[in-house]
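Chain residues, written in single-letter form:
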Amino acid sequence: MRVLLTNDDGYQALGLRILASVLKELFDEVVIVAPEDQRSSTGGSFPGNGKWGLAEIDGLEATWVSGTPADAAELAGELYGDFDLVFSGINMGSNVGSVPASGTIGAANHALEKSIAKRGLALSWRVPEELWDKEAADVSLKDYEDYPRKTVKRILELTLENDLWGGELLNFNIPQKQPDKLLICEPAPRAYKKYYAYTLEVDHDNNTYQKIGADPRPLTGDLHYDANALSQGFATVVPWLSNRFVNQDLLSLIGIEIDLWEEKS
């Protein structure tokens, strides 16, 4: 099986490096095409111009793209042909709700819409605060072998065993600490208001504005919603169709709880 790996944090990002180390154990061929640097919150934006080049990350060849995540997916199709699956991530931060601005989702969705890949999986991690200030290329992967690497590998094994539960685009989120269960959810309504704790700071004197971020708000309530379940320590997955709609077959899966370590000693 031939798979594409991309993201929105850049080809040297820790999350991509962790996911690449998992994918090379699960698949015959892994092709990495990702933005050159941080391109978060670009959604499915596709300027369609820029530069690209080859690099190496952890012994694997990678193609970097000066544009957006969707640019990376588009160029991957032109350079390397079609893929069975596209993986996007691991994003360094949660992507719950309908995630309209997510470059992680945007890259995977673009690959599906353009038939560059048949099915897509996006993965995000509510990372510990200390990781935000580290240079990803200088961080040892050994420090993340127990978590999140083993958990991500287990989740992907279960996903493949269950044929992606019939979804064409799966949106996974894992909590800051290792979860025991994976919960199939629906996207939380108005997650940008309820979960993402940011404010828009407006300077009227200088006519400037700036998004000021903070840790996500802890949520309780209905575990059928991904933001609530993630807040309460579950790994979550939302199954979509490629157009990010759901049908009755997918809705019937909501609430299914999967023990990640049931077969583990």
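Along each chain, residues carry numbers from 1 onward, in the same order as the chain's sequence is written. In view of the model being predicted, local features appear only for residues whose pLDDT reaches at least 70, and side-chain atom pairs are presented and counted only at 80 or more, with totals across whole chains, interfaces and linings using the full set of residues. The side-chain quantities take in all heavy atoms of the structure and omit both hydrogens and water.

(A) Region of interest: empty space enclosed by the protein. Cavities and pockets were defined on a 1 Å grid built over protein atoms only: a cavity is a set of grid points that admits a 1.4 Å probe from which the probe cannot escape, a pocket is an open set flanked by protein on both sides within 12 Å along at least five of seven lines, and lining residues are those with an atom within 4 Å of any such point. Grid points are joined across faces, edges and corners, and a volume is the space filled by probe spheres set on the points. The final tally for this structure, using the stated rule, is 1 cavity of 30 Å³ or more. Of the pockets and cavities examined, the largest cavity occupies roughly 30 Å³. Residue lining of the largest cavity: I90, L123, S124, V152, I155 and I174, and that is the complete set. In DSSP terms, a helix is any run of H or I states spanning at least four residues, a strand is any run of E spanning at least two, and both are numbered starting from the N terminus. Elements supplying a minimum of two residues to the lining of the largest cavity: β6 (117-125) and α4 (145-161). Any residue outside Ala, Val, Leu, Ile, Met, Phe, Trp, Tyr, Cys, Pro, Asp, Glu, Lys and Arg is labelled polar, Gly included; the first ten of those are nonpolar and the last four are charged. Partitioned by chemical class, the residues of the lining of the largest cavity number 5 nonpolar, 1 polar and no charged.

(B) A look at the environment of L230. You can see L230 is positioned in helix α6 (residues 226-231). In the structure, L230 is positioned 45 residues away from C185 in sequence and 10.0 Å away in space, judged by C-alpha atoms.

(C) Local environment of helix α1 (residues 14-26). What a helix is expected to span follows from its residue count: subtract one and scale by 1.5 Å. Taking 1.5 Å per residue as the helical rise, α1 with its 13 residues ought to reach 18 Å, and the 19 Å between its terminal C-alpha atoms agrees with that figure. Of all 13 residues that make up α1, 10 are buried, and the element is covered over most of its length. Those residues of α1 lying buried are L14, G15, L16, R17, I18, L19, A20, S21, V22 and L23. Burial classification: accessible surface area is computed with a 1.4 Å probe over protein chains only, and a residue below 20% of its type maximum counts as buried, one above 50% as exposed, and the rest as partly exposed.

(D) Here's a closer look at the sheet that holds strand β2 (residues 29-35). Taken in spatial order, the 10 strands of this open sheet run β3-β4-β2-β1-β5-β6-β7-β11-β8-β12, and their pairing is mixed. Where the open sheet ends on each side, the last strands, each with one partner, are β3 (52-57) and β12 (257-259). On average, adjacent strands in this sheet sit at an angle of 25° to one another, irrespective of strand direction. Strands were regarded as paired on the criterion that DSSP finds at least two bridges between them. As paired strands, β6 and strand β7 (residues 169-174) are joined by 6 bridges and run parallel to one another. Counted as the bridge partner of S124 is N173 from β7. Contacts are residue-level and defined by heavy atoms, with any inter-residue pair within 4.5 Å sufficient. To obtain an axis, a line is fitted to C-alpha atoms, over the contacting stretch when the element is a helix, and the angle between two such axes runs from 0 to 180 degrees between their N-to-C directions. Helix-sheet contacts for α1 involve β1 (2-6), β2, β3, β4 (60-65), β5 (83-92) and β6, and the interaxial angle to β5 is about 145°. Along the sheet, α4 contacts β5, β6, β7, β11 (235-240) and β12; its crossing angle with β7, the most-contacted strand, is approximately 150°.

(E) Up close: the pairing of β2. With respect to burial, β2 is a largely interior element, 5 of its 7 residues being buried. Here is how to tell: hold the view so the strands point away, follow the path from the first strand over the helix to the second, and if it runs clockwise the crossover is right-handed. Taken together, β1, α1 and β2 form a β-α-β motif whose crossover is right-handed. Note: β2 against β4, 4 bridges, orientation parallel. Bridged to A34 within β4 is W64.

(F) Geometry of α4. For α4, which comprises 17 residues, the first-to-last C-alpha distance of 22 Å matches the rise-based estimate of 24 Å (1.5 Å per residue) to within 8%. What α4 keeps buried is the set Y147, P148, R149, T151, V152, R154, I155, L156, L158 and T159. Residues of α4 that are buried in the fold lie against α1, β5, β6, β7, β11 and β12.

(G) Representation of the packing of aromatic side chains within the structure. In summary, the pairing rule links any two rings of Phe, Tyr or Trp, Trp by its six-membered ring, whose centres are within 6.5 Å, and it sorts them by plane angle into stacked for under 30 degrees, edge-to-face for over 60 and tilted for everything else. Evaluated as defined, the whole model comprises 6 aromatic pairs. Considering the side-chain rings of F27 and F87, the 5.6 Å spacing of their centres and the 55° angle between planes classify their relative orientation as tilted. Within this pair, whereas F27 is found in the loop between α1 and β2, its partner F87 is found in strand β5, the two being separated by 60 residues in sequence. A residue is classified by how much of its surface remains accessible, and F27, at 8% relative accessible area, is buried. For the ring pair Y192 and Y198, a centre distance of 6.5 Å and an interplane angle of 80° mean the geometry is edge-to-face. Connected via pairs of aromatic rings, a cluster forms that spans Y192, Y195, Y196 and Y198. Across from the ring centre of Y198, 4.8 Å away, lies the NZ or CZ of K211, which sits over that ring. Any Lys NZ or Arg CZ that is within 6 Å of a ring centre and within 35 degrees of that ring's normal is treated as a charge sitting over the ring.

(H) Inspection of the pairing of strand β8 (residues 181-184) at higher detail. Pairing analysis gives 3 bridges linking β8 to β12, with the strands arranged antiparallel. Bridge pairing links L183 to E257 in β12. Pairing geometry for β8 and β11, over 3 bridges, is parallel. Bridging across to β11, L183 finds its partner in T236.

(I) Fine view of a nonpolar patch on the surface. A cluster of nonpolar residues, W52, L54 and L79, forms a patch on the protein surface that exposes about 300 Å² of accessible area. If you trace the backbone, W52 turns up in strand β3. The patch calculation keeps residues exceeding 30% relative accessible area without a salt bridge and links them within 9 Å when they carry like charges or within 5 Å when they are nonpolar (Val, Leu, Ile, Met, Phe, Trp, Tyr). Each accessible area is a Shrake-Rupley result for a 1.4 Å probe, and residues are judged covered by the shown protein chains and nothing else. Here, a salt bridge means any Lys or Arg side-chain nitrogen found within 4 Å of an Asp or Glu carboxyl oxygen.

(J) How the structure looks around the nonpolar core. By convention a nonpolar core is built from buried Ala, Val, Leu, Ile, Met, Phe, Trp, Tyr and Cys residues, the set being connected through side-chain atoms within 4.5 Å. The biggest cluster of nonpolar side chains holds 46 residues, and the ones touching the most others in it are L19, F87, L121, L123, W125, L156 and F172. Considering every element that reaches this core, the biggest residue donor is α1, with 7 residues. Counting 33 residues, the second-largest nonpolar core is a separate cluster that includes L4, A73, A111 and L112.

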